[in-house]
Amino acid sequence: MKSEPLRLRMEGISKSFPGVQALKSARLDLRAGEVHALVGENGAGKSTLVKIMTGIYPDYGGLYEYEGEPVTFRSIAEAQHAGISIVHQELNMMGDLTVAQNIFIGRESTTFFVSDKELNRRAQELIDEFDIGVDPRTLLRDLSVGKAQMVEIARAMSFTQTRVLILDEPSAALSEGETADLLRKVEQMRARGVSVVYISHRMNEIMQITERVTVLRDGDYVATMDTASCTVDEIIRAMVGRDVDQAQKTTSQVPADAPIALSARGLTSARVTDVSFDLRRGEILGFAGLVGAGRTETMQILCGADRWGTGTIEVDGRPLTFTHPRQAINAGIAYLSEDRKRYGLVLNLSVTDNTVLASYDALSTGLVVHTKECRTVTQRYVDALKTKTPSVSQLVKNLSGGNQQKVVLAKWLLRDVSILIFDEPTRGIDIGARAEIYAMMRELVAQGKSIILVSSDLTEILHLSDRVVVMCEGRATGTLDIAEASQVTIMELATHHAQHSKESR
Ligand SMILES: Nc1ncnc2c1ncn2[C@@H]1O[C@H](COP(=O)(O)OP(=O)(O)OP(=O)(O)O)[C@@H](O)[C@H]1O
Ligand SMILES: [Mg+2]
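Residues numbered from 1 in each chain as written. Chains lettered and ligands numbered in written order. Predicted model: local features only at pLDDT ≥ 70, side-chain atom pairs only at ≥ 80, totals over all residues. Heavy atoms only, no water.

### Concerning the sheet that holds strand S16 (residues 333-336)
- Strand order in the open sheet formed by 6 strands is S16-S19-S20-S13-S21-S22, and the pairing between neighbours is mixed. The sheet is open, and its two edges are formed by S16 and strand S22 (475-481), each paired on a single side. Across the sheet, the mean angle separating the axes of adjacent strands is 15° when strand polarity is ignored.
- Pairing analysis gives 4 bridges linking S16 to strand S19 (residues 419-423), with the strands arranged parallel. Looking at the pairing, Ile 333 lines up with Ile 419 of S19.
- Relative to strand S20 (residues 450-454), helix H10 (residues 295-302) is tilted by about 145°, and along the sheet it contacts strand S13 (284-288), S16, S19, S20 and strand S21 (467-472). (Pairing = 2+ DSSP bridges. Helix = DSSP H or I, 4+ residues; strand = E, 2+ residues; numbered from the N terminus. Axes fitted to C-alpha atoms, helices over the stretch in contact; angles between N-to-C directions. Contact = heavy atoms within 4.5 Å.)

Below, the structure is given as structure tokens:
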């Protein structure tokens, strides 16, 4: 094994931005045809390291060797020419161009002389190969985040000269089915001798497809381990520097006769049929199901974001109808959308501005905003959630992906509401920071607030929920007490309908 030549080697890599030392002494080496996980907490420096690798940041300290030679890539084009492709954490495509145009952009040699028809035909081939199921003529901005991500991955994988492929949290916006497709594609790339860098916070994916794992902490190299001979707990300990409790909740502390904070009956819309449930005060009610089961759509009816939704909703025993999200907010319901990249943040504003954006009413008199108070409040949440930022005045666009998520969370936690709906709250958030967010949620319910938790992460559902509503194909197929809930009982209910309808076909 030892004599195998390295495809790429980075050592002692440092990089700073104004006020932030993103990397101190990072290290990573890649063998030919291996899948190598790069892990670490939010802000550890993963994205920065791979941006150096691909020529986005040409200024840095340290050693970078590619195919045995020292290199400095001055641009993405240079790195790509040498065979290094990247799929970024943030979507990086042109919304106003079609899927086909996006796939072939920057490949003038192929696009310049090629008709639209030919372009679409080639794109269709790729779309079929990746089983994405979109029309190549669709504008990119009309796709769901997951589909757009699949298009970007297909694009990066289609460069024939690719020898190193970097995927920066590729699965964060993908459904289970799409993720499974992606993992199969990664296997195929490996089989072709491509070296893959796989950045993810999802330990099961890492255990499944990687040969080795490199851990970064606070811009420093911690360790590189053989995946086959280490455990998830060992990886997490290397990332976080301590043990993290991931155990399942076994019994609910909420008394069965606790007052009902919210009651929903017969919620129905285009994609949801007759969903009913009660949320008790002080309870965390989990919503589990496969992607597309209708959980987000149910929440949208609940908070007035779906104009065509019907059904009855009672808050503290009072019947209410919401035709606009503002009415739900006034009734004390806050909805943290799953699509935060699009709706949650103003990237060119500071951490403070983003945090207090939704709470200006409470923090201002007339037109005067109490700046100092805003900063103090924001600092409190930065501390509580351990958001990594040099100060509360930092622009949000300069934070790492996971830390941006924490700002969105703070914004919603700050609102004084009694019912909070969290839709995939920890997507893209590292395991250590999750623990902080979980603690915050427990504190909220201890104060008498109630939480609905929509999550595709069963570990998270089982760790936090008092009861679990399981949905399948737009219907609630069952409600489980946490004492009877498990991966197996939930998955049975989550696929119940699907199996049933398949059998009857
Ligand atoms: N352009 C920039 N300007 C200023 N600071 C930056 C910039 N890019 C990154 N940083 C800072 O550098 C540190 C490392 O960020 P990076 O994006 O590499 O983290 P990451 O490991 O990818 O985290 P995540 O898991 O949240 O995506 C963070 O503290 C971040 O705030
Ligand atoms: Mg990142």
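Having seen it, we continue.
### Some thoughts on the sheet that holds strand S12 (residues 272-280)
- Read from one edge to the other, the open sheet built from 4 strands follows the order S12-S11-S14-S15, with strand pairing classed as antiparallel. Here the strands that pair on one side only, and so sit at the sheet edges, are S12 and strand S15 (318-320). Neighbour-to-neighbour, the strand axes of this sheet turn through a mean angle of 15°, independent of strand direction.
- Across 3 bridges, strand S14 (residues 310-315) lies against S15 in antiparallel orientation. Note that in S15 the partner of Val 315 across the bridge is Arg 318.
- Strand contacts of H10: strand S11 (260-269), S12 and S14, with the helix running at about 110° to S11, the strand carrying the most contacts.

### Digging into the site of ligand 1
- Neighbouring ligand 1 are 21 residues; Gly 43, Lys 46, Thr 48, Ser 400 and Gly 402 lie closest to it.
- One of the backbone N or O atoms of Ala 44 is found 3.3 Å from an oxygen atom in ligand 1.
- A distance of 2.7 Å separates an oxygen atom of ligand 1 from a polar backbone atom of Gly 402.
- Relative to its free-state accessible area of 640 Å², ligand 1 is covered by the protein chains to the extent of 91%.
- Those elements giving two or more residues to the shell around ligand 1 turn out to be strand S2 (20-31), helix H1 (46-53) and helix H15 (401-414).
- Looking at the shell around ligand 1, the element that brings in the most residues is H1, giving 3 residues.
- Split by residue class, the shell around ligand 1 holds 6 nonpolar, 11 polar and 4 charged.
- Here the shell around ligand 1 gathers at least three residues from each of two domains, domain 1 (6-240) and domain 3 (344-416). (Near = heavy atom within 4 Å. Polar contact = N/O pair within 3.5 Å; in protein donor to acceptor, adjacent residues only side chain to side chain. Areas by Shrake-Rupley, 256 points an atom, 1.4 Å probe, with all protein chains shown as cover. Nonpolar A, V, L, I, M, F, W, Y, C, P; charged D, E, K, R; others polar. Domains from an automatic or database assignment.)

### Some remarks on the packing of aromatic side chains
- Across all of its chains, the model carries 4 aromatic pairs by this definition.
- On the basis of an interplanar angle of 70° and a centroid distance of 5.2 Å, the ring pair of Phe 17 and Tyr 57 is categorised as edge-to-face. Of the two residues, Phe 17 sits in strand S1 (residues 6-17) while Tyr 57 sits in the loop between H1 and strand S4 (61-66), which places them 40 residues apart along the sequence.
- Since its relative accessible area comes to 29%, Phe 17 is described here as partly exposed.
- Ring geometry for Tyr 64 against Phe 73: centres 5.8 Å apart, planes inclined by 80°, an arrangement best described as edge-to-face. For the pair formed by Tyr 64 and Phe 73, the shared burial category is buried.
- The cationic tip of Arg 27 hangs over the ring face of Tyr 221; the distance from NZ or CZ to the ring centre is 4.4 Å.
- Above the ring of Phe 130, the side-chain terminus of Lys 185 is found at 4.6 Å from the ring centroid. (Phe/Tyr/Trp six-rings, centres within 6.5 Å; stacked < 30°, edge-to-face > 60°. Buried < 20%, exposed > 50% of the residue type's maximum accessible area, 1.4 Å probe, protein only. Lys NZ or Arg CZ within 6 Å of the ring centre and 35° of its normal.)

### Focus: the nonpolar core
- In terms of nonpolar packing, the biggest core is built from 35 residues, with Phe 422 and Ile 451 touching the most fellow members.
- Where this core is concerned, the elements lending two or more residues are S16, helix H13 (351-356), helix H14 (371-385), H15, S19, helix H16 (431-446) and S20.
- A domain split of this core shows at least three residues from each of domain 2 (259-332 + 417-505) and domain 3 (344-416).
- When near neighbours in sequence (up to four residues on either side) are disregarded, Phe 422 contacts Leu 336, Leu 409, Leu 413, Met 441, Ile 451, Ile 452, Leu 453 and Val 454. (Core = buried A, V, L, I, M, F, W, Y, C linked by side-chain atoms within 4.5 Å.)

### A word on the pattern of salt bridges
- Considering all chains together, one arrives at 24 salt bridges under this definition.
- Arg 137 is the partner of Asp 135 in a salt bridge, and the nearest nitrogen-oxygen pair spans 3.0 Å.
- By relative accessible area, which is 56% here, Arg 137 ends up exposed.
- The salt bridge partner of Asp 457 is Arg 434, with a shortest N-O separation of 3.0 Å. Taken as a pair, Asp 457 in the loop between S20 and helix H17 (458-464) and Arg 434 in helix H16 lie far apart in primary sequence, 23 residues in all.
- What you see here is one network of salt bridges that share partners, running through Glu 118, Arg 121, Arg 122 and Glu 125. (Salt bridge = Lys/Arg side-chain N within 4 Å of Asp/Glu carboxyl O.)

### Let's talk about the domain arrangement of the protein
- As assigned here, the protein comprises domain 1 (6-240), domain 2 (259-332 + 417-505) and domain 3 (344-416).
- Taking the mean C-alpha position of each, domain 1 and domain 2 sit 33 Å from one another.
- In this complex, domain 1 contributes 11 residues to the contact, which on the side of domain 2 involves 11 residues.
- For the domain 1 and domain 2 pair, buried surface summed over both sides reaches about 870 Å², with 58% attributable to carbon and sulfur atoms.
- There are 0 salt bridges connecting domain 1 and domain 2.
- Counting the contacts that link domain 1 with domain 2 gives 1 residue pair in polar contact (both at pLDDT 80 or more). (Buried area = accessible area lost by both parts, 1.4 Å probe.)

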